[in-house]
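# Coordinates in review
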Amino acid sequence: MKTIYSLFAFLFVALTLNAQTLDRSIRPESAPAKEIQIKDAQVFTLKNGLRVFLVEDKSTPITYYSLQLDVKPALEGDKAGVSDIFSDVYGKATVSRNKEQLNKETDLIAAQLHAHPNGVYISFLKKYEKQAIELFSDVLLNPVFAQEDFDLAMEKMRTALSSLGDEAGQMNDRVAAALTYGKKFPDGELTTKQTIENVKIADLKTYYNTYFAPNVARLVIVGDISLKEAKDSAEKYLGKWKKKNVPVAKYTIPSAPETTEVAYVVKPEAVQSVVTVTYPVTFRIGQPNYEAANVMNTILGGPSTGYLFVNLREKHSYTYGTGSRLSAGELIGRFRITNGGYSGTSVKAAITDSAVYQILHEMNRIINEPVTEKSLKAAKTFLAGNFSRNLEESGTLAEFAVNIDKYNLPKDYYRNFLKRLDVVSVNDVQAAAQEYIKPKNAWIVVAGDAAHAESLLPFAGNNTIQYFDYNANPVEKPVAESADVSAEEIIANYINALGGKDAIEKIKDYTIIADMSAMGQMLTLTQSFKAPNKSLVLMEMNGMLLQRMAFDGSIMRISGMGGSQEISEGDMVENMKNSLGVAPEMNFIENGYTLSVGDMGEVNGEKAYVLTAVRGESKTVIYFDATTGLKVRSVEMADTPMGEMQTVTEYMDYRDVEGVKFPFLMKQNAGGMASDITVKSIEVNKGLEVSMFQ
Amino acid sequence: MNKQFFLLTFFLCALFTVKGQDEKIRFSEFTLSNGLHVILYHDNTTPNAMVSIMYHVGSKNEDPERTGFAHLFEHLMFEGSENINRGEFFEMVQAAGGSLNAGTWYDYTIYFENVPANELELALWMEAERMFHLKIDTTGVDTQKGVVIEERKQRIDNQPYGSWMEEINKRAFTVHPYRWPIIGDPDHIRNSTFEDVYNFYKTFYVPNNAVLVVAGDFEEAQAKEWIEKYFGSIPRGTLPINRPNVVEPAQMVAIRDTVYDNIQLPAVFIAYRAPASGTKDSYAMNMLAQILYGGKSSRLKTNIDETGLTLQSILMYLGLENSGMVYAIGFANLGKDSKDVEDAIVAEIERLSNELVSEEEFQMARAAMEYSTAERLRSLSGVSEALASSHTYFKDAGRVNNELNFYGEITREDLLRVAQEYFQPQSKIVIYYLPKTN
């Protein structure tokens, strides 16, 4: 079917035709793929237990040495921040070089030297190799933790902690980490203004003395250096490093929440909300469905074509970037929604709830719907391409060797990566989604303005929004502005705003003709109503009737391209009876709805009263503008086989027709399908025949 | 394809093999008859290839009433073409195992695809598609306007201090188009029309305003054949290209201002105008910036950060096509005064215009330039970007191999002279960021 796009299409036709007739519509075929060579790193072990991984790369002028500890240090607990301060103090001075000397010698050879709680890294131009390794080993073996540097690091840390709360992304990251991992797991520990004060210089020395040892470390060397040179150098500079017994801490391994919970961090006046959905998941490198899981995550949350990106960015413009990460971990892995990088996704504040809804929708989709063969193939090729491109960086080969060692993988694990990837099937992807994607056992963490918090209630399995400060401590819900009106008053205001009860009751029938654009299609909607409760809706495209839905007050008749049916009882018919006419809200109470008024809300930046109407299984939340009294948004919730479905409708552009205001523009989003309904004409009291509603 | 035709069409330049650093970037280049300049860089270390196209258009070429347009257009370039449907551009590259991205700068816009070597032809066809007949519909324009406005919020409005560069540049430049931000004014973006889109495309997205770089594992004759096939028949652009040539007058009086932001930590931003990229003085300025804020023993790190005055200081030099900027930033530690931070940073900067740097500092800066030049040229993307920008700015891609020679020519006296020229008290801009009080 030809879409409406081509009508609008703005085509930049080339002005000149070419003598050569190149048929540009022919897409180039792939040439035969070239073989990817994976060279093994060379591995050797020193007498003191230090394992060395060398990747010889003659093409690079830059060499690097990276010492990486493989330790499980004790939790920091009420001293959270030891490793932050350690990073800032360690590597500043050594027994034989004070700070000034060390800095000068590093700068004279333009070496990049970084010391951190998990080791030391240095990169340098090959011609400065001797001086560089001498500095590297000095920092590694003979560090000095000077009081002066400790005091300076503490001062800076206090200042940095004082600005927590400036950035919504950082607030979201902290709370999401603490909730995902729990505070009894290293990744869940947060440094706060209180814990930092418990850190003492002795803690840094203890950390170094306990965990820095050759037998728990790996040294990676990458550069234009031969095996013999590497052996000599490692032996000369690190051979005398003494092995020791290094304790291994036991952590509480986190598990996903029993039901999906909503955590809200208030960042006043944020113009965007930072949103993530996150939970811990058992996921390790080397497990049998590792490749299938990566393919699945690429289809769900990969760049540019992932379900999330296409929906939230390309379809809705909710955000600049979004994706998902499924990261493997030695003890526990993690799934999270991201901005395409390492933080939560920043979405337009006003649609925070819609963004969460769409995220969960896509997570459910990858569980429930098999992926297409086309997207499977694309994801596999994409991952294979990434794999090949990563090899451009020779450090990748070293990383492979380190992983094989660390996770006890078969020697040919990475050489067989592409083969394993190749056999992943549609079923494997769905099975991986069912195993790793958990929309019902997740933390939804949002940092944003308080006004958008309560709109997330429908997503909370435990029916509460939990508020946290940026240290992930529970806090009281911020005091909201309560609405000092009753449900009856809200409805009465609304009826008055529309033109009053009398004017509304004078309308005995009407016909609304509207254009509806949905998914790039343009449809014509004709809706006729006759009091008290007869209705006819025709949906047409290019003059062709797609669907007819008639209701004569007791029987609903639906016909169209998919066949026809008659419905005479059930929820649908009951709801139909109560939702027809200009202002069905007028009769809510006599029709048996239970009404409640929530705190003040906001719709498109304007304050609104929030009215919830419940009748049987059906629940509708209606927003009325606090100034004009008009209905501006409704959210209908329904249980469907695909999970709870929401239909959100916004009402705009109210215009007067025969003394009664009608909305002339409605923006609707039903289960992720967005449509705009623009009213073209409204005719009133034309004496519609009863027969047309049969 | 006919071989003779090749020879007629291509103006083949000499292969560059140059001295200096041990490993030189060896590339070949030629220009198609429609003006598209092509640079080929062969490296078969891994079976990958990269296609980059740099168009010589950036935010400085925009209409002052349509700022942000170059960047919005960058987004629109992914919308599709005559033979590529909307949304398919990303999909095709990824399905071929590739990755892609683009970037908009003050002076240029760059697009690139990293693909497995066997998909090079596809990437060339795709870039030719959107250079020849881009296709955009209302949905695409509306969506990308929305995305760009969210991008602005994410990068600037919702970031503490996010507006700093915008605040400085609008004061540093009064007539030159560098005065507005690349991301542009959201109102301009909302108001842009199809006609704007069309004109922009016909003016700037033409072969004679672009350079194509192919890097990686490919067979040279084959690559040339494909390039001629897909790009050769794209017509040369004929509309006049607006290249701003206004000379920004020297700043005669120091500027000082305050911005109130959603922050808790005050910060001071200090800026000076600086030499344009690629000028002799720009190499000197790079070394000055390194001496101020490069290595661990650089002046700001030692004399300001390490004394506890600041949580952190930063200094950077940004060389642009027509001008440049030096920006310094200081975040005062708790209990320290921003005024003291400002005075200390300014004193360090101005000291460079009063006395020669030490021989040791000078050696450190040279070593650092050597390291960063090598670092930059380690990846296909680094080499491609360097070749493309050298051609775009100077019509001389071979400059990538001369960088170290340029640094070699700089003396300590040059550093003093350049500092004296640019680091004058009256040419300074100081902006304080202070917490909004509610």
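Please read all numbers here as calculations on a predicted model, not as lab measurements.

Thresholds applied
- Every chain begins its residue count from 1, and numbering advances along the sequence as written.
- For this description, chains carry letters from A and ligands carry numbers from 1, given in the order in which they are written.
- Where local features are concerned, this predicted model is filtered to residues with pLDDT of at least 70; where side-chain atom pairs are given and counted, the filter is 80 or more; whole-chain, interface and lining totals use all residues.
- Side-chain figures throughout are based on the complete set of non-hydrogen atoms in the structure, without hydrogens or water.
- Here a pair means two rings of Phe, Tyr or Trp (six-membered ring of Trp) with centres within 6.5 Å. Their orientation is stacked below 30 degrees between planes, edge-to-face above 60, and tilted elsewhere.
- We count a stretch as a helix when DSSP gives it H or I for four or more residues in a row; a strand needs E for two or more, and each element gets its number in order from the N terminus.
- Per the annotation, domain bounds derive from an automatic or database assignment of domains.
- In this analysis, strands are considered paired if DSSP registers two or more bridges between them.
- Under this scheme, a helix contributes an axis fitted over its contacting stretch, all axes are lines through C-alpha atoms, and angles between N-to-C directions fall in the 0 to 180 degree range.
- What makes two residues a contact is simply this: any of their non-hydrogen atoms within 4.5 Å.
- Note on exposure labels: buried denotes an accessible area under 20% of the residue type's maximum, exposed denotes more than 50%, and partly exposed covers the range between, all computed with a 1.4 Å probe on protein chains only.
- Buried area is understood as the total, over both parts, of accessible area removed when two parts are fitted together, assessed with a 1.4 Å probe.
- Each salt bridge in this description consists of a side-chain nitrogen of Lys or Arg and a carboxyl oxygen of Asp or Glu lying within 4 Å of one another.
- In protein, a polar contact requires one atom able to donate a hydrogen and another able to accept it; more generally it is a pair of N or O atoms within 3.5 Å, and residues adjacent in sequence count only if both atoms are side-chain atoms.
- For this classification, the nonpolar set comprises Ala, Val, Leu, Ile, Met, Phe, Trp, Tyr, Cys and Pro, the charged set comprises Asp, Glu, Lys and Arg, and every other residue, Gly included, is treated as polar.

As a further point, take the packing of aromatic side chains. For the structure on display, the rule yields 55 aromatic pairs over all chains. Relative to B:Phe90, the ring of A:Phe309 has its centre 5.8 Å away and its plane inclined at 80°; by these criteria the two rings are edge-to-face. Taken as a pair, A:Phe309 in helix 11 (residues 307-315) and B:Phe90 in helix 3 (residues 88-95) lie in two separate chains rather than in one. Where B:Phe78 meets B:Tyr111, the ring centres are 6.2 Å apart and the plane angle is 50°; that geometry is what we call tilted. Of this pair, B:Phe78 sits in the loop between helix 2 (69-76) and helix 3 while B:Tyr111 sits in strand 5 (residues 109-116), placing them 33 residues apart in sequence.

When the parts of a complex come together, some accessible area is lost, and that lost area is often used as the size of the interface. Domains assigned within chain A are domain 1 (42-171 + 178-238), domain 2 (261-475) and domain 3 (487-693). When each unit is reduced to the centre of its C-alpha atoms, the spacing between domain 1 of chain A and domain 3 of chain A is 64 Å.

Turning our attention to the sheet that holds strand 4 (residues 99-104) of chain B. Spatial strand order, 1-2-7-3-5-4 (chain B): six strands in an open sheet with mixed pairing. The sheet is open, and its two borders are formed by strand 1 (27-31) and strand 4 of chain B, each paired with just one other strand. Ignoring which end each strand starts from, the neighbouring axes of this sheet average 15° apart. As paired strands, strand 4 of chain B and strand 5 of chain B are joined by six bridges and run antiparallel to one another. Opposite B:Ser99, over in strand 5 of chain B, you have B:Asn114 as the bridge partner. Running at roughly 100° to strand 5 of chain B, helix 13 (residues 373-390) of chain A makes contact with strand 3 (48-55), strand 4 and strand 5 of chain B of the sheet.

The subject of this paragraph is helix 16 (residues 412-422) of chain B. Listing the buried residues of helix 16 of chain B in full gives B:Asp414, B:Leu415, B:Leu416, B:Val418, B:Ala419 and B:Tyr422. Where helix 16 of chain B is buried, its residues meet strand 9 (267-274), helix 10 (280-293), helix 13 (359-376) and helix 15 (403-409) of chain B.

Counting residues at the interface gives 89 residues for chain A and 100 residues for chain B. Between chain A and chain B, roughly 8,000 Å² of surface is buried when both sides are summed, and carbon and sulfur atoms account for 54% of that area. In this structure, the salt-bridge partner of B:Glu88 is A:Arg27, at a minimum N-O distance of 2.8 Å. Linking chain A with chain B are 37 residue pairs in polar contact (both at pLDDT 80 or more), by the criterion used here. Taken together, the residues of the side of chain A that touches chain B break down into 38 nonpolar, 26 polar and 25 charged.

What follows is about the pairing of strand 12 (residues 323-327) of chain A. Residues and elements named next belong to chain A. With five bridges connecting them, strand 12 and strand 13 (residues 333-338) associate as antiparallel partners. Bridge pairing links Arg 325 to Arg 336 in strand 13. As consecutive antiparallel partners, strand 12 and strand 13 are separated by five residues.

On to the sheet that holds strand 6 (residues 112-116) of chain A, then. Residue and element names in this part refer to chain A. Taking strand neighbours across the sheet as the criterion, the six strands line up as 2-3-9-4-7-6 in an open arrangement whose pairing is mixed. Only two strands of the sheet have a single partner each, and these edge strands are strand 2 (42-45) and strand 6. On average, each strand axis in the sheet is inclined to that of its neighbour by 10°, with strand direction left out of account. The pairing of strand 4 (residues 62-69) with strand 7 (residues 119-125) spans seven bridges and is classified as antiparallel. Bridging across to strand 7, Ile 62 finds its partner in Leu 125.

The next thing to look at is the pairing of strand 3 (residues 51-56) of chain A. Residues and elements named next belong to chain A. In terms of strand pairing, strand 2 meets strand 3 through four bridges, oriented antiparallel. Across the sheet, the residue bridging to Phe 44 is Val 52, located in strand 3. The turn joining strand 2 and strand 3, which pair antiparallel and follow one another in sequence, is formed by five residues; a positive phi near 95° is taken by Gly 49. Bridge count for strand 3 against strand 9 (residues 217-223) is six bridges, and the pairing is parallel. When the sheet's bridge partners are listed, Val 55 is paired in strand 9 with Val 222.

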